[in-house]
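# Structural description and commentary
Residues per chain, in single letters:
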Amino acid sequence: MTAVLPRLPEQHRAPPKPALLWTLGVAAVASCAMTVVLALSEDLYQPALRVLLVIWTTLPFIFAGIVAWRRRPDSAFGPLLILAGFVHQLSILQWTSQPLLNTVGQLCDLLVVAIWLHVFLAYPTGRLAGRTERAIVITAYVAAVGLQIVVLMLGGFDDRHLLTVAEQPAAAEAVQNVELLLLSALVLTGVVLLWRRWRLLPRWQRRRPAQIVINCFSLTLVMLAALLIAGAFQLPAFEIIRLATFAVAGLAPLAFLAGLLDARLAKAGVGELLVQLQANPVPDLRELLAGALRDPTLSLIYWLPKYGSWVDQDGNPATLPEPGGGRGVTLIKQNGEQVAALVYDATLGEEPELVEAVSAAAAIALENGRLEAELRARLQELHGSRTRVVEAQQNERRRLERDLHDGAQQRLVALALELGVLAEQADGDPASKTRLKRARGEVAQSLDELRDVARGLHPAVVSGHGLAIALESLIAVTPLEVELKVDGLPRLPEHLEVAAYYVVSESLTNATKHAQASQVTVDVRVADKTLIAEVVDDGSGGADSERGTGLRGLADRVEALNGRLQIWSVAGHGTRVRAEIPCG
């Protein structure tokens, strides 16, 4: 049994109850019916056309808001659309002669402008994105309500409202013009903000439905600004502009509904994802999910109970993003235990049904993907363990080399010197002198052997002078004709230089002792951020890394550094050893 769950502790609002949505729908239709009655009872200019445009700008907002609220209860955009529709309906009350209702209608007249601006800038989450948007919307509300009250108190508009304090028509007109021009400036600023936000979106988020919505919102705001300016300057085309503005405004919620339909169609496309998963039991699951969700930034991470951690598809450690960081997370559980998580762009949180459908469809392939990720994690752990073993071995060899150099080697040197002094003092006893000289020779030979052992444990010359000097010293004591190529070789981290040194040293030893070679070429260089050490001899060939501990140990050392050791050794045709170790 598979369950797709949102990441905790995020809280999701429950969808509104159907009874509430039905009530809002009935109220919308009833308010439009009252608009018809009101238009028939009052003496209006072109009443049929005005009623039609009012209904056109009321019902789409309210019903689009109902759909959006039901489908996306976490978003405040649906309630905002509903509020905009009913506020516009309230503004129609200014048609009536009843003083109280007329007052409410005139107070809501320009409030429609502010709330439409709020709706468009809050798309798609229902929340204003930044301080600039909030400042503009708050200013618009203050201007639409505060300055409107001042205009009414000065006796502006007609005398049917209840707020007249003093009959100052000139002052009322001046304040009203300031109100109209201020709102038009705010509305045009809103257009700029909409397009700036659109331009800042990643290219993959600029889908056609969203672009249509932004275009409709922007066109509506431009028409509103033109209407406000025409009202301020009493242009003769005011009525035509008003009709055109309301005609365009009704398209905005319809464009939003088209965007919701596009998300619905994307959810229907989950069937294609299921077909692909069935046709390919081991797909690139992340790529398929990214295509189904239309989010190329999507990542799929797996929970490994044995390790108590998250890993990506390659087995590398991963973490869940923090809430509010621009990334959304959906956890997927099987039999009550979390097995994976989808990490996607936070904007997809506005399409929870699509995310849940894609996650549920992908759950059939998650077990295989999780096992593969666990295998890669184990390989990562094995590689890390192998690297630590090699490092520990190298540190131990370095310690032994230092102890031999500072301890036994120094004591043998001192003993050789002491034997030399005693031999010089034994002139009267030739037999003792001969024995002392022989002992001194044995000590000297033991000292040379000890130095060879110490050099084999850890090449101190590498640490002190670098790989190039160390190879020159190594070749100087090799009884073969060796061509060394180290021109331009830079200093590298010690563990890389030591590994390359051992590759060359072991290869020269094999060429001398086993291959009966006469000539050897050693080429060590750095190319494409890779340290390459290549040794070619003209010996008898037949070397096999699987049958000898020396070459196998070299392979382990190189592979522990993410490198690769290759050996070509055909009997009678020499041997070629090539090590490639990343160093970038």
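The model shown is predicted, which means the values in this text are computed figures rather than measured ones.

## Some details on the overall build of the protein
Counting secondary structure elements, the protein contains 18 helices and eleven strands. The 584 residues of the protein split such that 44% are buried. As displayed, the protein offers around 29,600 Å² of accessible surface, 60% of which is attributable to carbon and sulfur atoms.

## Side note on the pairing of strand S6 (residues 337-345)
Within a regular strand, the side chains alternate between the two sheet faces. Of all the nine residues making up S6, seven are buried; the element is thus mostly covered by neighbouring parts of the structure. Summarising the sheet, strand S2 (residues 299-304) and S6 pair through four bridges and their orientation is antiparallel. By the bridge assignment for S6, serine 299 is matched with valine 343. As defined by bridge partners, strand S5 (residues 327-334) adjoins S6 across eight bridges and the pair is classed as antiparallel. Residue pairing across strands places leucine 331 opposite alanine 341, the latter belonging to S6.

## Focus on the side chain of threonine 103
Considering the arrangement of structural elements, one finds threonine 103 in helix H4 (residues 99-107). By relative accessible area, which is 7% here, threonine 103 ends up buried. There is a polar contact of 2.9 Å between the side chain of threonine 103 and the backbone nitrogen of leucine 162. When near neighbours in sequence (up to four residues on either side) are disregarded, threonine 103 contacts His161, Leu162 and Leu163.

## What about the sheet that holds strand S11 (residues 575-582)?
The mixed open sheet is built from five strands, whose spatial order is S7-S8-S9-S11-S10. Whereas interior strands pair on both sides, the edge strands pair on one side only; in this sheet they are strand S7 (481-485) and strand S10 (564-569). The average angle at which neighbouring strand axes cross in this sheet is 10 degrees, direction not considered. As paired elements, S7 and strand S8 (residues 519-527) share five bridges and run parallel to each other. Its bridge partner being in S8, valine 482 is matched across the sheet by valine 520. Those strands touched by helix H16 (residues 467-476) are S7 and S8, and its axis lies near 170 degrees from that of S7.

## Comments concerning the nonpolar core
The biggest cluster of nonpolar side chains holds 53 residues, and the ones touching the most others in it are Trp116, Phe120, Leu183, Phe217 and Leu221. Sorting the residues of this core by element identifies helix H2 (47-71), helix H3 (77-91), helix H5 (111-121), helix H6 (131-153), helix H7 (169-200), helix H8 (208-232), helix H9 (238-249) and helix H10 (251-268) as the ones contributing at least two each. Residue contributions to this core peak at ten residues, all from H5. Leaving out residues up to four positions away in the same chain, leucine 183 has contacts with Leu110, Ala140, Ala143, Ala144 and Leu228. Membership of the second largest hydrophobic core comes to 37 residues, among which are Leu492, Val504, Val520 and Leu551.

## Here's the deal with the pairing of S10
Strand direction decides the pairing type here: S10 and S11, joined by six bridges, are antiparallel. If you follow arginine 564 over to S11, its bridge partner there is glutamate 580. Counted along the chain from S10 to the antiparallel partner S11, the turn is five residues long, and its residue glycine 572 has a positive phi close to 85 degrees.

## Looking at the environment of alanine 357
With respect to the helices, strands and loops of the structure, alanine 357 is situated in helix H13 (residues 352-425). Accessibility expressed as a relative area gives 17% for alanine 357, which makes it buried.

## Looking at the pattern of salt bridges
Summed over the entire model, instances satisfying the criterion amount to seven salt bridges. Put simply, arginine 578 and glutamate 534 hold a salt bridge, and the shortest N to O gap is 3.5 Å. With a gap of 44 residues between them, arginine 578 in strand S11 and glutamate 534 in strand S9 (residues 530-537) connect regions that are remote in the sequence. Across the pair, glutamate 534 and arginine 578 agree in class, each one buried. In this structure, glutamate 580 engages arginine 578 in a salt bridge whose closest nitrogen and oxygen atoms are separated by 2.6 Å. Here glutamate 580 and arginine 578 have matching classes, each one buried. Taken together, the salt bridges that share partners define one network made up of Glu534, Arg564, Arg576, Arg578 and Glu580.

## Overview of the environment of threonine 319
Mapped onto the fold, threonine 319 is located in the loop between strand S4 (317-318) and S5. Once the C-alpha coordinates of threonine 319 and tyrosine 302 are considered, the two residues, 17 residues apart in sequence, prove to be 10.0 Å apart.

## So, the environment of alanine 27
As for its placement among the helices and strands, alanine 27 is situated in helix H1 (residues 18-41). You can call alanine 27 partly exposed: its relative accessible area is 32%. Remark: the alpha-carbon pair of alanine 27 and isoleucine 62, spanning 35 residues in sequence, is separated by 9.7 Å.

## Some details on H4
Listed as buried for H4 are Asn102, Thr103, Gly105 and Gln106. Around the axis of H4, the buried residues are gathered within 165 degrees of arc, so they sit on the same side. Elements in contact with the buried residues of H4: H3 and H6. The opening residue of H4, the one whose side-chain oxygen lies 3.0 Å from the backbone nitrogen of leucine 100, is glutamine 98.

## With respect to unusual backbone geometry
Although it is not a glycine, aspartate 528 adopts a positive phi angle of roughly 55 degrees. Within the element layout of this structure, aspartate 528 appears in the loop between S8 and S9. One non-glycine residue with positive phi stands out, namely lysine 529, at about 60 degrees. Mapping lysine 529 onto the fold places it in the loop between S8 and S9.

## What about the packing of H5 against H7?
One way to put it is that H5 packs onto H7 with a least axis distance of 10 Å and a crossing angle of 5 degrees. With respect to their mutual orientation, H5 and H7 come out roughly parallel. Taken together, the residues of H7 that come into contact with H5 (itself represented by Val113, Leu117, Phe120 and Leu121) are Leu186, Val187, Gly190, Leu193, Leu194 and Arg197. Looking at the contact of H5 with H7 residue by residue, the classes come out as eight nonpolar, one polar and one charged.

## Quick notes on a nonpolar patch on the surface
Taken together, Leu90, Leu100, Val104 and Leu162 make up a surface patch of nonpolar side chains, about 340 Å² in accessible area. On the secondary structure map, leucine 162 appears in the loop between H6 and H7. Since its relative accessible area comes to 53%, leucine 162 is described here as exposed.

What counts, and where the lines are drawn
Residues numbered from 1 in each chain as written. Predicted model: local features only at pLDDT ≥ 70, side-chain atom pairs only at ≥ 80, totals over all residues. Heavy atoms only, no water. Helix = DSSP H or I, 4+ residues; strand = E, 2+ residues; numbered from the N terminus. Buried < 20%, exposed > 50% of the residue type's maximum accessible area, 1.4 Å probe, protein only. Areas by Shrake-Rupley, 256 points an atom, 1.4 Å probe, with all protein chains shown as cover. Pairing = 2+ DSSP bridges. Polar contact = N/O pair within 3.5 Å; in protein donor to acceptor, adjacent residues only side chain to side chain. Contact = heavy atoms within 4.5 Å. Axes fitted to C-alpha atoms, helices over the stretch in contact; angles between N-to-C directions. Core = buried A, V, L, I, M, F, W, Y, C linked by side-chain atoms within 4.5 Å. Salt bridge = Lys/Arg side-chain N within 4 Å of Asp/Glu carboxyl O. Arc of directions from axis to C-beta. Parallel < 35°, antiparallel > 145°, perpendicular 65-115°, else oblique. Nonpolar A, V, L, I, M, F, W, Y, C, P; charged D, E, K, R; others polar. Patch = residues over 30% accessible without salt bridge, like charges linked within 9 Å, V, L, I, M, F, W, Y side chains within 5 Å.

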